[in-house]
Amino acid sequence: MSDSLHGKVVLVTGASSGIGEATSLALSKAGARLAVGARRADRLADLAGRAPGEVLTLDLDVADEASCRAAVAAAVEHYGALDGLVNNAGVMLSGPIAGADTSEWTTMVRTNLLGTMFTTHAALPHLLRSKGTVVQISSTSGRVASAGGGVYSATKFGVNAFSEALRQEVTGEGVRVVVVEPGFVATELTSHISDPAMRAMARRMADSMRTLRPEDVAGAVLYALAQPDHVAVNEILVRPTDQTV
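Note that the structure is a prediction, hence the values are computed from the model and not measured. (Residues numbered from 1 in each chain as written. Predicted model: local features only at pLDDT ≥ 70, side-chain atom pairs only at ≥ 80, totals over all residues. Heavy atoms only, no water.)

**Side note on the side chain of Arg-176**
Quick note on the threshold: Strands here mean DSSP runs of E at least two residues long; helices mean DSSP runs of H or I at least four residues long; both are numbered from the N terminus. Burial here depends on accessible area, computed with a 1.4 Å probe over protein chains only, as a share of the maximum for the residue type. Under 20% is buried, over 50% is exposed, and the range in between is partly exposed. The charge count treats Lys and Arg as positive and Asp and Glu as negative. His and the chain ends do not count. What makes a salt bridge here is a side-chain nitrogen of Lys or Arg within 4 Å of a carboxyl oxygen of Asp or Glu, nothing more. Polar contacts here mean pairs of N or O atoms no more than 3.5 Å apart (in protein, one a potential hydrogen donor and the other a potential acceptor; neighbouring residues in sequence count only if both atoms are side-chain atoms).
Of note, Arg-176 is situated in strand S6 (residues 176–182). We note that Arg-176 is buried and unpaired, the nearest opposite charge coming from Asp-229 at a distance of 4.7 Å. Within polar-contact distance, the side chain of Arg-176 engages the side chain of Thr-133 at 3.2 Å. Here the side chain of Arg-176 touches Leu-225 through a polar contact of 3.3 Å, landing on its backbone oxygen.

**Some thoughts on the sheet that holds strand S1 (residues 9–13)**
Put simply, the rule reads: A pair of strands is treated as paired once DSSP finds two or more bridges between them. Here an angle of 0 to 180 degrees is reported between the N-to-C directions of two axes, which are lines fitted to C-alpha atoms, with helices fitted over the stretch in contact.
With parallel pairing, seven strands are arranged side by side in an open sheet as S3-S2-S1-S4-S5-S6-S7. The sheet is open, and its two borders are formed by strand S3 (55–59) and strand S7 (235–238), each paired with just one other strand. Taken pair by pair, the neighbouring strands of this sheet meet at an average axis angle of 15°, ignoring direction. Taken together, the five bridges between strand S2 (residues 33–38) and S3 define a ladder with parallel strand orientation.

**Comments concerning the packing of helix H3 (residues 65–79) against helix H4 (residues 102–130)**
The following threshold applies: Each crossing gets its handedness from the near helix: less than a right angle anticlockwise from the far helix is left-handed, clockwise is right-handed. Only heavy atoms enter the contact rule, under which two residues are in contact if any of them lie within 4.5 Å. When residues are grouped by polarity, Ala, Val, Leu, Ile, Met, Phe, Trp, Tyr, Cys and Pro land in nonpolar, Asp, Glu, Lys and Arg in charged, and all others, Gly among them, in polar.
Between H3 and H4, whose axes approach to 9 Å, the crossing angle comes to 35°. The element H3 and its partner H4 pack so that their crossing is right-handed. Each of Glu-65, Cys-68, Arg-69, Val-72 and Val-76 in H3 lies in contact with H4, whose residues at this interface are Gly-115, Phe-118, Thr-119, His-121, Ala-122, Ala-123 and His-126. Here the residues of the contact of H3 with H4 sort into six nonpolar, four polar and two charged.

**Topic: helix H7 (residues 214–225)**
Quick note on the threshold: Helices are assigned an expected span. That span is 1.5 Å times one less than the residue count.
Taking 1.5 Å per residue as the helical rise, H7 with its 12 residues ought to reach 16 Å, and the 17 Å between its terminal C-alpha atoms agrees with that figure. Considering only its buried residues, H7 is in contact with helix H1 (18–29), strand S4 (84–87), strand S5 (133–137), S6 and S7.

**Brief notes about the side chain of Asn-160**
Mapped onto the elements of the fold, Asn-160 is located in helix H5 (residues 150–170). With a relative accessible area of 16%, Asn-160 lands in the buried category. Within the local environment of Asn-160, its side chain forms a polar contact with the side chain of Glu-181, the two groups lying 3.0 Å apart. In this structure Asn-160 touches Ser-138, Gly-142, Val-179 and Glu-181, once residues within four positions along its chain are discounted.

**Overview of the nonpolar core**
Generally speaking, nonpolar side chains in soluble globular proteins are found buried as a group. The condition is simple: The criterion is simple. A nonpolar core is a set of buried Ala, Val, Leu, Ile, Met, Phe, Trp, Tyr and Cys residues joined through side-chain atoms within 4.5 Å.
Counting residues in each nonpolar core, the largest one holds 33 residues, and the members touching the most others are Leu-27, Val-86, Val-135 and Val-180. Contributions of two or more residues to this core are made by S1, H1, S2, helix H2 (41–50), S5, S6, H7 and S7. Looking at which element gives the most residues to this core, the answer is H7, with six residues. Residues Leu-56, Val-62, Leu-124 and Val-177 belong to the second largest nonpolar core, which totals 26 residues.

**Re unusual backbone geometry**
For Lys-131, which is not glycine, the phi dihedral falls at a positive 55°. Overall, the relative accessible area of 51% leaves Lys-131 in the exposed class.

Set out below in structure tokens:
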């Protein structure tokens, strides 16, 4: 791994588990100075205790715009700059459209899409100054929609569209925008599904393949962040070998 991340300040959202936790640990091992945000403070404290480098823990609910702005401000106040943002926080509340609890739609839109937008918007002035990098953790569901995942896919399609527009706006200013689209990853994401049939289907899918590990996705994030400034890896699609769609 290049030492290009040594001393860089990176904010990671949704850092209390899964991809966010693995990415935070990998960044810390690469020498980055971290600000990690999530709602579960106890898990962030545990993460900070295991990371080899400096870690600032932040109470962050990305569905709340004020919380996003406060987290970015706290990171910049603490470190004096911001070089990277990894928008990882997200929820997947899959289920059929007919008969859906539409409050779950609101949760997914506010967390997955608006949360990404809010945090990016708050961080952008600082990233423009540092010529930094935005990494958006999207999904293969941002490319291919499937029955039972309509709203989740809509949020991830939205993240991809927002990110491409952002890339066109800021690439000339030296800011890189990276979209990472993982396939099926072994995380707690599917445990949040309230629909029993969809939750069982997700378990069967996981059992049917060698799923990605959070560390696999973290490796993709580090690969993109560690490139020389003149190289923009704008999109990384990574699936389990056994995943067909």
